[in-house]
Amino acid sequence: MVSRNGLICWKTLQSGCIRSTNPVNVTISRRLCVSSQICQNNWVQAVSNAEKIVGLPTSFLSLRSEAIDEISNIAVYLKKLIGTGHPLLDTAKNLMYSQDKTNQTRGLLVLLVSKAAKIDQTQDILPKQRTLAEITDLVHAAHLIHTGVINLNTPNESLEMGNKMAVLCGDFLLARSCVLLANLQNLKVVELIAQAISDFSTAEFIDIVANETDSALDRWRYQSKLRYGTLLAHACQSSLILGDNVDLVEFGKYFGLEIALAWQANNEIQSYKNAKEKADHVLFKLFPPGTPFKEVISNFQAVRDTHVDAALQMLGELPKNDASLALCNIARALKY
Amino acid sequence: MVINVKLTNLLAYSSLAVRRVSHLGKHHGDLPYQLLLSKPNPLFHHKKQIQTVVPSTSTKNVTVPVENIPTADSLVRLDLEGLYEDIREGLSETQPELKLIAQYYFNGEGKAIRPVITMCMARAINFHLDQNTPSVLQKQKKIAQIAEMIHTASLVHDDVIDVADSRRSRPSVNIVWGQRKSIIAGDFILAMASKMLARLQNKQVIILLSQVLADLVQGEFMQLGARENKDERFAHYSEKTFKKTASLIAYSCQAVSVLSGADSTLQAVAFQYGRQIGMAFQLVDDLLDFIATSAQLGKPVAADLRLGLATAPVLFAAQKFTELNPLILRRFQEPGDAETAFRLVLRSDGLQRTKDLARQYCNDAVTQIAQLTPSPYQQALVTLAHQLLHRMK
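Quick caveat, the model's predicted, so the values are computed rather than measured.

Engineer: Whenever I open this one, the overall build of chain B confuses me. Can you help?
Structural biologist: The number of helices and strands found in chain B is 19 helices and 2 strands. Taking all 393 residues of chain B together, 56% fall into the buried category. Counted over contacts in chain B with a minimum sequence separation of 6, partners at least 24 positions apart contribute 74%.

In structure tokens, the structure reads:
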């Protein structure tokens, strides 16, 4: 077993007990959380350590290295978009260069699950599983890019060009995902990932408004499940199918869902803290109007924490190894 | 003894005939069924049947009186009955607004040329291989559906990319719902098509049709860029045409042949027919953009020029009128460019050369399909090629 800096402290404190959140370390990390910057570093640290275990995800690198014509076309057009204010520029920038290490973390989670499930830890992650991790990142990127298409009611040449590029880039990533998916030669996996694409498309049409049966929070959960949950859940499931870990497939599904919801909840909290117009933010709508800012945050943190704890509980089903520990670290790092 | 043999032969013939037509479906009394029973169709030849004299089908330009032979459209009408209803049904289990957008272009107003070709090829190949399993035909019908769904999803995205305002005499989907929801609905259609594809339980078919998706995007990118070097332009245009138009038809044809149990040689025949017909189809479209009136087209004339696209007639004309080259490079953006190009094309031999090229592709398609055992379906695919050429007049 290879030790890493971040993991040594976990191991020395409590070996083999992944099930319970170690209270000592949680308090330490809380005290260290004087600013969200340091807490975010926990996340970055957890992700960096994890990358050392399973290898850097190569999701977008392979696109660049294959010197595909379309990529050079895209680059030329993206340059023309500078100054137009089209969301595509920001999205592309975040996908290519991510400060907070989030652009390939979905793929990383899939790789970690693949590795953690292996009974024989000397066994490496299968090429098919790596491809699936790449597919996960490509599909997610396509979703981000396509949801960045803006509605134009009046002609505007540069924004129209931005839309054009957004559509084509997203289509390019989706098509590539489909080709890679087809070559995995597994019908169940194709169906699972297709369902994920269908779900995130449907998510755009879900409104987060309370109705007779559901609260606004329930609607948020439902929308987030469709938008982010299905992809991670089905990707984890698929990777376990490809790795022949049939008994862990259900774990993959529920873990993927919980970690996605926890992650998204955390993103909402962070963006709410940074939002200029609090009233426009989705979190504002989830609680009764007039709820003070701090209360909204702490309420939603509680929501986030239930999902983190659920994910950690699921992780208890995994054999104890570097990869499963890394998954625990990443899950816990969300509680900042 | 002799009488017995004759009787046996007669019985064998009639039972074969019955078996042969039963696969047309349970709707007896329909035209194709009657056609096969009433007249001894000289093209109705099968190895197991008593040898009848069959005219050779090896010539390049097969001329058959068009009136006597049922068209592809009519032959597969029953197979494709409910195609659009089925597609809409498949898209209905979702949020109400998404359902509306996704179903919008599946109102049955389209020409459905892709499902027709796919199904006709399926039938022709099944006949050639004596493939009669009902489940095979069911799966082939699904391929026709999937092909139409992929095509329509690409239309939805195209309308956003081209900032279209109408399609098939209705406001285009982006006008009604905005660009964002339209794009996402397009993704939804694609996802549902992929799910259907997975359920066909054939890995090769999934690979073939996912290649179409990659080709469609690549074709769209190719359309964005103009080749500087005029000698490369035609090759670029040809490749773009394959990716954008012919690829879907070619791979759909190959896919149905795979489902039928075709070996790689036969798959290649199916693929090549689809490819050549697809190329011809686009060339005829490009031609009609210049010569048809807007009433016939359902859209304004010279739309391609207005979009900055240099199609075959323009590329041919540019070989004669080199002043077209700078216009092509700047994609007809300057005022008067489109009009100038239009005039020059009509003055040149560009249209005639486009016609000739389309004819060449059609003849090639016919040569390919002639390798199949003659059947009404095989013949209908030949007729389809002729009808395509007929549209150019």
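Engineer: Sorry if this is basic, but what is going on with empty space enclosed by the protein here?
Structural biologist: The probe, sized like a water molecule, is rolled over the atoms to show the empty space still left. Evaluated as defined, the whole model comprises 8 cavities of 30 Å³ or more. Of the pockets and cavities examined, the second largest cavity occupies roughly 130 Å³. Residue lining of the second largest cavity: 15 residues in total, with C178 of chain A together with S194, L197, S210 and L213 of chain B positioned closest to the centre. Counting only elements with at least two residues in the lining of the second largest cavity, the list comes to α9 (157–183) and α10 (187–203) of chain A together with α7 (134–161), α9 (179–199) and α10 (203–224) of chain B. For the lining of the second largest cavity, a count of residues per class yields 13 nonpolar, 2 polar and no charged.

Engineer: For this particular structure, what's the right way to read the pattern of salt bridges?
Structural biologist: Tallied over the full model, the rule gives 18 salt bridges over all chains. When salt bridges that share partners are traced, they join E204 and R227 of chain A together with R180 of chain B into one network.

Engineer: Explain the confidence of the model for chain B here, please?
Structural biologist: Regions with low pLDDT carry predicted coordinates that are not meant to be interpreted in detail. Residues and elements named next belong to chain B. Across chain B, pLDDT averages 83, with 79% of residues at or above 70. Across residues 1–62 the pLDDT falls below 50, and counting only partners more than four positions away or on other chains, this stretch makes 59 contacts in the model. Listed scores for the predicted complex are pTM 0.83 and ipTM 0.86.

Engineer: Sorry if this is basic, but what is going on with the packing of helix α6 (residues 113–129) of chain B against helix α11 (residues 230–260) of chain B here?
Structural biologist: Think of two packed helices as two axes; the pair is described by the angle between the axes and how far apart they sit. All names here are of chain B. It is at 9 Å that the axes of α6 and α11 come closest, and there the two elements cross at 30 degrees. One element, α6, and the other, α11, form an angle in the roughly parallel class. The element α6 and its partner α11 pack so that their crossing is right-handed. Between α6 and α11, the contacting residues are R114, I117, T118, M121, A122, I125, N126 and L129 on the first element and T245, L248, I249, S252, C253, V256, S257 and S260 on the second. A class-by-class count of the residues in the contact of α6 with α11 yields 9 nonpolar, 6 polar and 1 charged.

Scoring rules and cut-offs
Residues numbered from 1 in each chain as written. Chains lettered and ligands numbered in written order. Predicted model: local features only at pLDDT ≥ 70, side-chain atom pairs only at ≥ 80, totals over all residues. Heavy atoms only, no water. Helix = DSSP H or I, 4+ residues; strand = E, 2+ residues; numbered from the N terminus. Buried < 20%, exposed > 50% of the residue type's maximum accessible area, 1.4 Å probe, protein only. Contact = heavy atoms within 4.5 Å. 1 Å grid on protein atoms, 1.4 Å probe; cavity = no way out; pocket = protein on both sides within 12 Å on 5 of 7 lines; lining within 4 Å. Points joined across faces, edges and corners; volume = space filled by probe spheres on them. Nonpolar A, V, L, I, M, F, W, Y, C, P; charged D, E, K, R; others polar. Salt bridge = Lys/Arg side-chain N within 4 Å of Asp/Glu carboxyl O. pLDDT = per-residue confidence, 0-100. Axes fitted to C-alpha atoms, helices over the stretch in contact; angles between N-to-C directions. Parallel < 35°, antiparallel > 145°, perpendicular 65-115°, else oblique. Left-handed = near helix turned anticlockwise from the far one by under 90°.

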